[in-house]
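Topology and contacts: notes
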Amino acid sequence: SGRNVNILVLDTGVYSNTGGQRSKATPIGASAKFAVAGNDLPAKDLGMIAMSSESVYVAKVALGANDMQTIKAFTEAESFNGPSLIIAYAHCIAHGYDIGTQGLEHQKMAVETGLWPLYRFDPRLLAEGKVPLQLDSRTTKDVSEFMNSETRFKIVQRADLDRYNRLVKMAEDRIQNRLKLHDHLAKADS
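Keep in mind it's a predicted model, so treat the numbers as computed, not measured. (Residues numbered from 1 in each chain as written. Predicted model: local features only at pLDDT ≥ 70, side-chain atom pairs only at ≥ 80, totals over all residues. Heavy atoms only, no water.)

Quick look at the nonpolar core
- By size, the foremost hydrophobic cluster in this structure holds 30 residues, and its most contacted members are Val58, Trp116, Phe146 and Met147.
- Elements with a contribution of two residues or more to this core: helix H1 (46-51), strand S5 (84-89), helix H3 (99-112), strand S6 (119-121), helix H5 (143-147), helix H6 (151-159) and helix H7 (161-187).
- The leading source of residues in this core is H7, at six residues.
- Residues contacting Val58, with those up to four places away along its chain left out, are Gly47, Ala50, Met51, Leu85, Ile87, Tyr119, Arg120 and Phe121.
- Counting eight residues, the second-largest nonpolar core is a separate cluster that includes Tyr57, Ala59, Ala77 and Ala88. (Core = buried A, V, L, I, M, F, W, Y, C linked by side-chain atoms within 4.5 Å. Buried < 20%, exposed > 50% of the residue type's maximum accessible area, 1.4 Å probe, protein only. Helix = DSSP H or I, 4+ residues; strand = E, 2+ residues; numbered from the N terminus. Contact = heavy atoms within 4.5 Å.)

Looking at helix H2 (residues 67-79)
- For H2, spanning 13 residues, the distance from its first C-alpha to its last is 19 Å, which sits close to the expected 18 Å at 1.5 Å a residue.
- Within the sequence span of H2, burial applies to Gln69, Thr70, Ala73, Glu76 and Ala77. For H2, the angular spread of the buried residues around the axis is 130°, confining them to a single face. More than 90 degrees from the buried face of H2, the exposed residues found are Met68, Thr75 and Glu78.
- Of the surrounding secondary structure, the elements contacted by the buried residues of H2 are strand S1 (6-11), strand S4 (57-61), S5, S6 and helix H4 (123-127).
- Regarding H2, its N-cap is Asn66, as a side-chain oxygen of that residue lies 3.3 Å from the backbone nitrogen of Met68 further along. (Expected span 1.5 Å × (residues − 1). Arc of directions from axis to C-beta. Polar contact = N/O pair within 3.5 Å; in protein donor to acceptor, adjacent residues only side chain to side chain.)

A look at the packing of aromatic side chains
- Taken as a whole and judged by the stated rule, the model has three aromatic pairs.
- With a centroid separation of 6.4 Å and 40° between ring planes, the pair formed by Tyr57 and Phe80 is classed as tilted. You can see Tyr57 sitting in strand S4 and its partner Phe80 sitting in the loop between H2 and S5, a full 23 residues away along the chain.
- Measuring from centroid to centroid gives 5.2 Å for Tyr89 and Trp116, while their planes differ by 85°, and the two rings are edge-to-face. With Tyr89 in strand S5 and Trp116 in the loop between H3 and S6, this pair connects stretches of sequence that are 27 residues apart.
- Given the relative accessible area of 6%, Trp116 is considered buried.
- Between the NZ or CZ atom of Lys60 and the centre of the ring of Trp116, over which it lies, the distance is 4.2 Å. (Phe/Tyr/Trp six-rings, centres within 6.5 Å; stacked < 30°, edge-to-face > 60°. Lys NZ or Arg CZ within 6 Å of the ring centre and 35° of its normal.)

Written out as structure tokens, the structure is:
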């Protein structure tokens, strides 16, 4: 509609209100209701879907990883005259760690492994002839480190190590492909 609305999505990667069912946002390898053996489907990329309209401000944030990037995204979204979407990493009890003491640490690790890349997409830059996608994070750790730190992945590891290893490889490949796409879009000529 092009209306000036601001939307905040708190993404836990599961249907949290139903007790932790698999959702379209569940990461590869995570155990959830209806995916006890580990999700083997890639999560849908809500940010890329919204960016495809080229008229929506989109940001992906994780307060525990980069608070200044989060503030910048909220400020830009508020100033954008049109729809804006901020997708925020939200830790959840279904992840299987103490969210009160370890939540922000897990957000940071999700970003460092590339599982949760930080970016801002500002359509106003298109009108200026600039590249609208700004990447705000880089991968510095292997995704297996993140997966090995959460019960939702460890359940799969304990149940079937071979399947778990295949899912880790699938997750790594998916992350690398998505990061290559983001890099390409952030460097593309307008």
